[in-house]
Amino acid sequence: MSVLVFVEPEDELSLQALALARTLGEVRAVSIEGAYAPAAWAQALVEAATDAEAIVAAGSDRGNELLAHVAARLDQPFAANVTAVAGDTVTRIRWGGSLIEEARLHGSPRILTVAPHTQPAAEPVAVQQLSLAADADTTVRVLETVAESSGGVSLRDAKVVVSGGRGVGSSEAFAIIEELAGLLGAAVGCSRVVTSAGWRPHTDQVGQTGTKISADLYVACGISGATQHIAGAKGAKKILAINSDPEAPIFSTADYAVVGDLHEIVPAISAELRRVRS
Ligand SMILES: Cc1cc2nc3c(=O)[nH]c(=O)nc-3n(C[C@H](O)[C@H](O)[C@H](O)COP(=O)(O)OP(=O)(O)OC[C@H]3O[C@@H](n4cnc5c(N)ncnc54)[C@H](O)[C@@H]3O)c2cc1C
């Protein structure tokens, strides 16, 4: 099978997509330079895919958006967040990770994205740069990228994330979360209640409609553990939850549990870190 794979430069998720694509057949990796414009980039991919039997990309926001445009242009079905392919059956992650679905993927070419962090990264391969057509639709395009406000550590790639929920209480009270994150070299995260209240920007939100993290350690402070939040946090290898309610749902997911007031516990952890380091 000939497989067209869309990859982005220095992108771990693209290398993971490449790994799954290689199990399908002969891979041709392509990329596109310049400002991201979903309709124009999809057109370039469609033009490059004339003899492709499958089109694959990473299950990132961009990969999913781009292949949705490709599928619409080709009038073919699209399976997002696939973890395995056997014949015309795909296994894919749905509902923020609470459902694993096996589905028949009809259509030609097969169009799919690969669920993040479900494959080992492949070795990089030679990548062909595609050009946009002169009449490409660039009505919607990225003009500027604004850095996340997580102290320079990206939420998605951070090894440690310290996150606060409604229990933190206010925007100002996030100072203790930021302090602990600074001491751990961590990114600051939060729940949707916090972004809805305007205490933190949406870029800090962990969850189904926020960022899906893959940290070694996730410290959840004053977060109840709603399924939509856990959908973004469960990629963490270890979860430490600090919550005053011993019945909080997050304790059923956490590896380490501290029952108590975060306003006492978080500063105490920071003070202890300073003490052992001095
Ligand atoms: C379609 C959809 C998508 C969603 N997407 C997301 C998403 O991406 N991310 C997300 O987070 N949510 C998402 N939500 C919202 C989600 O359902 C929850 O409402 C939200 O996660 C709850 O946030 P929270 O845990 O901060 O607040 P709460 O559920 O109110 O929990 C606050 C916790 O703080 C504890 N607490 C209070 N005071 C203290 C204290 N002093 N010390 C210690 N603990 C304390 C409480 O015991 C409680 O457990 C989504 C919902 C929907 C319907």
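Quick caveat: nothing in here was measured; it's all calculated off a predicted structure.

Scoring rules and cut-offs
- Residues numbered from 1 in each chain as written.
- Predicted model: local features only at pLDDT ≥ 70, side-chain atom pairs only at ≥ 80, totals over all residues.
- Pairing = 2+ DSSP bridges.
- Helix = DSSP H or I, 4+ residues; strand = E, 2+ residues; numbered from the N terminus.
- Axes fitted to C-alpha atoms, helices over the stretch in contact; angles between N-to-C directions.
- Contact = placed C-beta atoms within 7 Å.
- Buried ≥ 20, exposed ≤ 12 C-beta atoms within 10 Å, placed from the backbone.
- Core = buried A, V, L, I, M, F, W, Y, C linked by C-beta atoms within 7 Å.
- Arc of directions from axis to C-beta.
- Near = placed C-beta within 6 Å.

Undergrad: Give me the lowdown on the sheet that holds strand β3 (residues 54-58), citing residues and values where you can.
TA: What the 8 strands build is an open sheet, ordered β6-β5-β4-β7-β3-β1-β2-β8; its pairing is mixed. Taken across any chain shown, the strands that pair with only one partner, and hence form the sheet edges, are β6 (99-104) and β8 (128-130). Across the sheet, the axes of successive neighbouring strands diverge by a mean angle of 40°, strand direction being ignored. Bridge count between strand β2 (residues 26-32) and β8: 3 bridges; the pairing is parallel. Residue pairing for β8: I32 is matched across the bridge by L130. Against the sheet, helix α2 (residues 38-48) contacts β1 (2-6), β2, β3 and β8, and its axis sits at roughly 150° relative to β2.

Undergrad: Which residues make up the pairing of β3, and what are the values?
TA: Among the 5 residues of β3, 5 are classified as buried, and the element is accordingly described as predominantly covered. Across 3 bridges, the pairing between β1 and β3 is parallel. Each bridged residue has a counterpart across the sheet, and for L4 the counterpart in β3 is I55. By the bridge criterion, 5 bridges tie β3 to strand β7 (residues 110-114) in an arrangement that is parallel. Among the inter-strand pairings, I55 is bridged to a residue of β7, identified as I111.

Undergrad: I'd like a description of the nonpolar core, backed by residues and values.
TA: One finds V5, A17, I55 and V56 to be the most contacted residues of the largest nonpolar core, which totals 39 residues. Those elements giving two or more residues to this core turn out to be β1, α1 (12-22), β2, α2, β3, α3 (61-74), β4 (78-86) and β7. Broken down by element, the residue count for this core peaks at 6 residues, all from α1. Non-local contacts of V5, meaning those with residues more than four positions away in its chain, are made with A17, L18, A21, V27, R28, A29, V56 and A57.

Undergrad: Please give an account of helix α4 (residues 175-184) that cites residues and values.
TA: Every α-helical turn comprises 3.6 residues, leaving residues that sit three or four positions apart pointing alike. Three or more residues of α4 are buried, namely I176, I177, L180 and A181. Viewed along the axis of α4, the buried residues span an arc of 135°, placing them on a single side of the element. In the stretch just after α4, G185 is the one whose phi turns positive, near 65°.

Undergrad: Hey, could you go over the site of the ligand for me, with residue numbers and the actual values?
TA: Around the ligand sit 27 residues, and of these G165, G167, R192, G207 and S224 come closest. Secondary structure elements with two or more residues in the shell around the ligand: α5 (192-196), α6 (227-233), β12 (238-243) and α7 (262-277).

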